[in-house]
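Breakdown of the fold
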Amino acid sequence: EPEVTQTPSHQVTQMGQEVILRCVPISNHLYFYWYRQILGQKVEFLVSFYNNEISEKSEIFDDQFSVERPDGSNFTLKIRSTKLEDSAMYFCASSFRGANTGELFFGEGSRLTVL
Amino acid sequence: DAKTTQPTSMDCAEGRAANLPCNHSTISGNEYVYWYRQIHSQGPQYIIHGLKNNETNEMASLIITEDRKSSTLILPHATLRDTAVYYCIVRPYNNAGNMLTFGGGTRLMVKP
(Lines give C-alpha, C1' and ligand atoms only; values in the text may rest on other atoms or scores of the structure.)
Protein backbone atom coordinates (compact mmCIF):
# COMPACT_ATOMS: atom_id res chain seq x y z
CA GLU A 1 0.00 0.00 0.00
CA PRO A 2 1.45 3.41 -0.92
CA GLU A 3 2.51 5.55 2.00
CA VAL A 4 3.97 8.90 2.89
CA THR A 5 7.53 8.58 4.12
CA GLN A 6 9.38 11.07 6.27
CA THR A 7 13.02 11.53 7.19
CA PRO A 8 14.62 11.81 9.62
CA SER A 9 12.51 10.03 12.19
CA HIS A 10 14.22 11.99 14.95
CA GLN A 11 16.49 15.00 14.80
CA VAL A 12 18.20 16.77 17.66
CA THR A 13 19.52 20.25 16.99
CA GLN A 14 20.86 23.26 18.81
CA MET A 15 18.76 26.39 19.10
CA GLY A 16 19.44 28.73 16.19
CA GLN A 17 20.38 25.99 13.77
CA GLU A 18 18.61 25.35 10.47
CA VAL A 19 16.65 22.15 10.08
CA ILE A 20 15.22 20.51 6.97
CA LEU A 21 12.58 17.84 7.32
CA ARG A 22 11.93 15.72 4.28
CA CYS A 23 8.84 13.98 3.00
CA VAL A 24 8.08 11.78 0.04
CA PRO A 25 4.33 12.04 -0.62
CA ILE A 26 2.33 9.35 -2.37
CA SER A 27 3.30 9.50 -6.02
CA ASN A 28 0.04 10.53 -7.70
CA HIS A 29 -1.01 12.97 -5.00
CA LEU A 30 -1.30 16.64 -5.80
CA TYR A 31 -1.79 18.33 -2.43
CA PHE A 32 0.83 18.40 0.28
CA TYR A 33 0.68 19.48 3.90
CA TRP A 34 2.75 19.94 7.02
CA TYR A 35 1.26 19.62 10.49
CA ARG A 36 2.95 19.60 13.85
CA GLN A 37 2.13 18.27 17.30
CA ILE A 38 3.85 19.54 20.40
CA LEU A 39 4.05 16.80 23.02
CA GLY A 40 0.70 16.38 24.75
CA GLN A 41 -1.04 18.96 22.58
CA LYS A 42 -3.29 19.00 19.52
CA VAL A 43 -2.26 18.35 15.96
CA GLU A 44 -1.83 21.80 14.37
CA PHE A 45 -1.94 22.77 10.71
CA LEU A 46 1.11 24.57 9.38
CA VAL A 47 0.86 24.83 5.61
CA SER A 48 -0.66 23.37 2.48
CA PHE A 49 0.96 23.30 -0.95
CA TYR A 50 -0.52 22.79 -4.37
CA ASN A 51 0.69 23.43 -7.88
CA ASN A 52 4.12 24.50 -6.61
CA GLU A 53 2.88 27.18 -4.31
CA ILE A 54 1.51 27.63 -0.82
CA SER A 55 -2.28 27.52 -0.87
CA GLU A 56 -2.87 28.14 2.81
CA LYS A 57 -0.82 28.67 5.93
CA SER A 58 -1.48 29.14 9.62
CA GLU A 59 -0.21 31.81 11.99
CA ILE A 60 2.40 29.35 13.20
CA PHE A 61 3.98 29.28 9.74
CA ASP A 62 5.96 32.51 10.05
CA ASP A 63 9.04 33.72 8.18
CA GLN A 64 11.21 31.13 9.92
CA PHE A 65 9.42 28.38 8.01
CA SER A 66 9.53 27.57 4.33
CA VAL A 67 8.43 24.70 2.14
CA GLU A 68 9.74 23.47 -1.14
CA ARG A 69 9.18 20.75 -3.66
CA PRO A 70 12.66 20.65 -5.15
CA ASP A 71 11.99 17.76 -7.50
CA GLY A 72 9.09 15.59 -8.51
CA SER A 73 9.09 13.51 -5.38
CA ASN A 74 10.31 15.34 -2.28
CA PHE A 75 8.46 17.91 -0.19
CA THR A 76 10.53 19.66 2.43
CA LEU A 77 9.95 21.85 5.48
CA LYS A 78 12.78 24.16 6.46
CA ILE A 79 13.07 25.94 9.78
CA ARG A 80 15.73 28.61 9.39
CA SER A 81 16.66 29.32 12.99
CA THR A 82 15.14 26.85 15.39
CA LYS A 83 13.73 27.86 18.76
CA LEU A 84 13.09 25.73 21.80
CA GLU A 85 9.35 25.94 21.13
CA ASP A 86 9.81 24.35 17.71
CA SER A 87 10.36 21.03 19.46
CA ALA A 88 7.50 18.88 18.23
CA MET A 89 6.51 15.99 16.01
CA TYR A 90 6.15 17.20 12.43
CA PHE A 91 3.78 15.30 10.16
CA CYS A 92 3.74 15.48 6.41
CA ALA A 93 0.53 14.58 4.59
CA SER A 94 -0.63 14.33 1.03
CA SER A 95 -3.92 13.90 -0.76
CA PHE A 96 -4.98 13.25 -4.30
CA ARG A 97 -7.62 15.90 -4.02
CA GLY A 98 -8.06 18.74 -1.55
CA ALA A 99 -8.75 17.92 2.08
CA ASN A 100 -12.41 18.65 1.68
CA THR A 101 -12.97 16.16 -1.10
CA GLY A 102 -10.72 13.34 -0.02
CA GLU A 103 -8.74 12.00 2.82
CA LEU A 104 -5.25 13.01 3.86
CA PHE A 105 -2.55 10.40 4.14
CA PHE A 106 -0.11 11.19 6.93
CA GLY A 107 3.44 10.05 7.37
CA GLU A 108 4.80 8.63 10.61
CA GLY A 109 6.32 11.96 11.58
CA SER A 110 9.70 13.49 12.28
CA ARG A 111 10.44 14.26 15.89
CA LEU A 112 12.40 17.49 16.28
CA THR A 113 14.14 18.22 19.56
CA VAL A 114 15.67 21.66 19.95
CA LEU A 115 18.19 22.05 22.77
CA ASP B 1 -14.96 26.07 11.32
CA ALA B 2 -17.96 24.47 12.99
CA LYS B 3 -16.83 23.29 16.40
CA THR B 4 -17.16 19.74 17.58
CA THR B 5 -17.56 18.35 21.05
CA GLN B 6 -16.35 14.90 21.96
CA PRO B 7 -15.97 13.07 25.26
CA THR B 8 -12.40 13.19 26.50
CA SER B 9 -12.10 9.45 26.96
CA MET B 10 -14.00 6.19 26.61
CA ASP B 11 -13.40 2.54 27.38
CA CYS B 12 -14.55 -0.42 25.34
CA ALA B 13 -14.22 -4.15 25.83
CA GLU B 14 -12.32 -6.05 23.18
CA GLY B 15 -14.67 -7.59 20.63
CA ARG B 16 -17.52 -5.26 21.45
CA ALA B 17 -18.72 -2.35 19.37
CA ALA B 18 -17.18 1.01 20.17
CA ASN B 19 -19.57 3.91 19.69
CA LEU B 20 -17.88 7.29 19.67
CA PRO B 21 -20.19 10.31 19.75
CA CYS B 22 -19.59 13.77 18.36
CA ASN B 23 -21.70 16.89 18.65
CA HIS B 24 -21.51 19.47 15.90
CA SER B 25 -24.62 21.54 16.53
CA THR B 26 -23.44 24.51 14.47
CA ILE B 27 -22.64 22.50 11.35
CA SER B 28 -23.74 24.18 8.15
CA GLY B 29 -25.20 22.66 5.03
CA ASN B 30 -21.98 22.39 3.05
CA GLU B 31 -19.87 20.88 5.83
CA TYR B 32 -18.78 17.27 5.89
CA VAL B 33 -18.03 15.25 9.00
CA TYR B 34 -14.61 13.59 8.98
CA TRP B 35 -13.18 11.07 11.40
CA TYR B 36 -9.49 10.46 11.90
CA ARG B 37 -7.58 8.58 14.55
CA GLN B 38 -4.08 8.78 15.96
CA ILE B 39 -2.46 5.72 17.44
CA HIS B 40 0.17 6.59 20.02
CA SER B 41 1.79 9.65 18.41
CA GLN B 42 1.81 8.11 14.94
CA GLY B 43 0.49 10.18 12.05
CA PRO B 44 -3.29 10.66 12.02
CA GLN B 45 -5.15 8.09 9.98
CA TYR B 46 -8.28 8.81 7.96
CA ILE B 47 -11.23 6.62 8.89
CA ILE B 48 -14.38 7.82 7.18
CA HIS B 49 -16.39 10.89 6.23
CA GLY B 50 -19.97 11.76 5.35
CA LEU B 51 -22.39 14.56 4.61
CA LYS B 52 -25.84 13.42 5.66
CA ASN B 53 -26.22 9.77 4.76
CA ASN B 54 -24.84 7.00 6.90
CA GLU B 55 -21.56 5.64 5.59
CA THR B 56 -19.73 2.36 6.02
CA ASN B 57 -16.31 1.18 4.96
CA GLU B 58 -13.94 -1.59 5.97
CA MET B 59 -12.88 0.27 9.10
CA ALA B 60 -16.05 1.75 10.55
CA SER B 61 -19.57 3.05 10.17
CA LEU B 62 -20.65 6.66 10.47
CA ILE B 63 -24.14 7.48 11.62
CA ILE B 64 -25.23 11.09 11.16
CA THR B 65 -28.46 12.28 12.75
CA GLU B 66 -31.17 13.62 10.50
CA ASP B 67 -30.61 17.19 11.71
CA ARG B 68 -26.85 16.66 11.25
CA LYS B 69 -26.11 18.12 14.65
CA SER B 70 -24.40 15.00 15.89
CA SER B 71 -22.79 11.83 14.63
CA THR B 72 -21.49 8.54 15.93
CA LEU B 73 -18.49 6.58 14.74
CA ILE B 74 -18.95 2.87 15.21
CA LEU B 75 -16.12 0.36 15.31
CA PRO B 76 -18.14 -2.87 15.10
CA HIS B 77 -15.67 -5.22 16.77
CA ALA B 78 -13.03 -3.26 18.62
CA THR B 79 -9.57 -4.77 18.98
CA LEU B 80 -6.67 -3.75 21.19
CA ARG B 81 -5.10 -2.11 18.13
CA ASP B 82 -8.05 0.29 17.95
CA THR B 83 -6.81 1.99 21.11
CA ALA B 84 -6.20 5.54 19.88
CA VAL B 85 -7.35 9.14 19.97
CA TYR B 86 -10.32 9.63 17.64
CA TYR B 87 -10.95 13.02 16.10
CA CYS B 88 -14.25 14.28 14.74
CA ILE B 89 -13.72 17.18 12.33
CA VAL B 90 -16.16 19.21 10.26
CA ARG B 91 -15.02 20.99 7.14
CA PRO B 92 -16.81 22.70 4.27
CA TYR B 93 -16.86 20.99 0.92
CA ASN B 94 -14.93 23.53 -1.14
CA ASN B 95 -11.39 24.20 -2.28
CA ALA B 96 -10.87 27.43 -0.41
CA GLY B 97 -9.89 25.96 2.92
CA ASN B 98 -8.12 22.69 2.55
CA MET B 99 -6.76 22.24 6.02
CA LEU B 100 -8.12 20.06 8.80
CA THR B 101 -8.51 21.47 12.30
CA PHE B 102 -7.93 18.83 14.96
CA GLY B 103 -9.50 19.20 18.37
CA GLY B 104 -8.75 17.22 21.49
CA GLY B 105 -10.52 14.09 20.31
CA THR B 106 -11.69 11.09 22.32
CA ARG B 107 -9.10 8.77 23.78
CA LEU B 108 -10.51 5.28 23.27
CA MET B 109 -9.05 2.55 25.41
CA VAL B 110 -9.93 -0.98 24.28
CA LYS B 111 -9.50 -3.38 27.15
CA PRO B 112 -9.11 -7.17 27.06
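Residues numbered from 1 in each chain as written. Chains lettered and ligands numbered in written order. Predicted model: local features only at pLDDT ≥ 70, side-chain atom pairs only at ≥ 80, totals over all residues. Heavy atoms only, no water.

As a further point, take the nonpolar core. Residues A:Trp34, A:Leu46, A:Phe61, A:Val67, A:Phe75, A:Leu77 and A:Tyr90 are the most contacted members of the largest nonpolar core, which totals 22 residues. In contact with A:Tyr90, not counting residues within four places along its chain, are A:Gln6, A:Leu21, A:Trp34, A:Tyr35, A:Arg36, A:Leu46, A:Phe65, A:Leu77, A:Ile79, A:Gly109, A:Ser110 and A:Leu112. B:Ile47, B:Leu75, B:Ala78 and B:Tyr86 belong to the second largest nonpolar core, which has 21 residues in total. (Core = buried A, V, L, I, M, F, W, Y, C linked by side-chain atoms within 4.5 Å. Buried < 20%, exposed > 50% of the residue type's maximum accessible area, 1.4 Å probe, protein only. Contact = heavy atoms within 4.5 Å.)

Another aspect to go through is the sheet that holds strand E1 (residues 5-7) of chain A. Residue and element names in this part refer to chain A. Spatially, four strands are ordered E1-E3-E8-E7 in an open sheet, and the strand pairing comes out antiparallel. Sheet topology places E1 and strand E7 (65-68) at the edges, where each strand pairs with a single neighbour. Looking at each pair of strands side by side, their axes are set apart by 20° on average, direction ignored. Both E7 and strand E8 (residues 75-79) contribute to a ladder of four bridges, which runs antiparallel. Residue pairing across strands places Ser66 opposite Lys78, the latter belonging to E8. (Pairing = 2+ DSSP bridges. Helix = DSSP H or I, 4+ residues; strand = E, 2+ residues; numbered from the N terminus. Axes fitted to C-alpha atoms, helices over the stretch in contact; angles between N-to-C directions.)

With that out of the way, let us pick up the pattern of salt bridges. Applying the stated criterion to the full structure yields three salt bridges over all chains. Note that A:Glu44 and A:Arg36 form a salt bridge whose closest N and O atoms lie 3.1 Å from each other. Here A:Glu44 falls in the partly exposed class, since its relative accessible area comes to 23%. Residue B:Arg37 is joined to B:Asp82 by a salt bridge in which the shortest nitrogen-to-oxygen separation is 2.8 Å. Placement of the pair is B:Arg37 in strand E3 (residues 31-38) and B:Asp82 in the loop between strand E7 (70-75) and strand E8 (84-92), with a sequence separation of 45 residues. (Salt bridge = Lys/Arg side-chain N within 4 Å of Asp/Glu carboxyl O.)

Applying the stated criterion across every chain yields a total of 14 aromatic pairs over all chains. Centre to centre, the rings of A:Trp34 and A:Phe75 are 5.9 Å apart; their planes meet at 25°, and the pair counts as stacked. Taken together, the residues span a long stretch of sequence, with A:Trp34 in strand E4 (residues 31-37) and A:Phe75 in strand E8 at a distance of 41 residues. Judged by relative accessible area, which is 0%, A:Trp34 ranks as buried. By relative accessible area, A:Phe75 is classed as buried at 0%. Ring geometry for B:Tyr87 versus B:Phe102: centroids 5.1 Å apart, planes at 90°, classification edge-to-face. Of the two residues, B:Tyr87 is situated in strand E8 and B:Phe102 in the loop between E8 and strand E9 (106-111); the sequence distance between them amounts to 15 residues. Across the pair, B:Phe102 and B:Tyr87 agree in class, each one buried. (Phe/Tyr/Trp six-rings, centres within 6.5 Å; stacked < 30°, edge-to-face > 60°.)

On to unusual backbone geometry. Peptide bonds are, in most cases, trans, and in most cases residues other than glycine have a negative phi. Cis peptide bonds are those with omega within 30 degrees of zero, and the linkage from A:Thr7 to A:Pro8 qualifies with -10°. Note on placement: A:Pro8 falls in the loop between E1 and strand E2 (10-13). For B:Ser41, which is not glycine, the phi dihedral falls at a positive 65°. Tracing the backbone through its elements, the reader meets B:Ser41 in the loop between E3 and strand E4 (45-50). Phi angles above zero are rare outside glycine, and B:Arg68 is one such case at about 65°.

Our focus in this paragraph is the state of the cysteines. Scanning the model with the defined rule gives two disulfides over all chains in all. Between the sulfur atoms of A:Cys23 and its disulfide partner A:Cys92 the distance amounts to 1.9 Å. Taking the sign of the S-S torsion, -65° for the link of A:Cys23 and A:Cys92, the bridge is left-handed. With A:Cys23 in strand E3 (residues 19-24) and A:Cys92 in strand E9 (residues 88-95), this pair connects stretches of sequence that are 69 residues apart. Sulfur-sulfur distance for the disulfide between B:Cys22 and B:Cys88 comes to 2.1 Å. Its S-S torsion of about -80° marks the bond between B:Cys22 and B:Cys88 as left-handed, since a negative value means left-handed. Of this pair, B:Cys22 sits in strand E2 (residues 18-23) while B:Cys88 is found in strand E8, placing the two residues 66 residues apart along the sequence. The same class applies to B:Cys22 as to B:Cys88, namely buried. Not part of a disulfide, B:Cys12 finds its nearest cysteine sulfur in B:Cys22, a span of 18 Å. Given a relative accessible area of 9%, B:Cys12 falls into the buried group. (Disulfide = S-S within 2.5 Å.)

Function-wise, these values are silent; they only describe arrangement.
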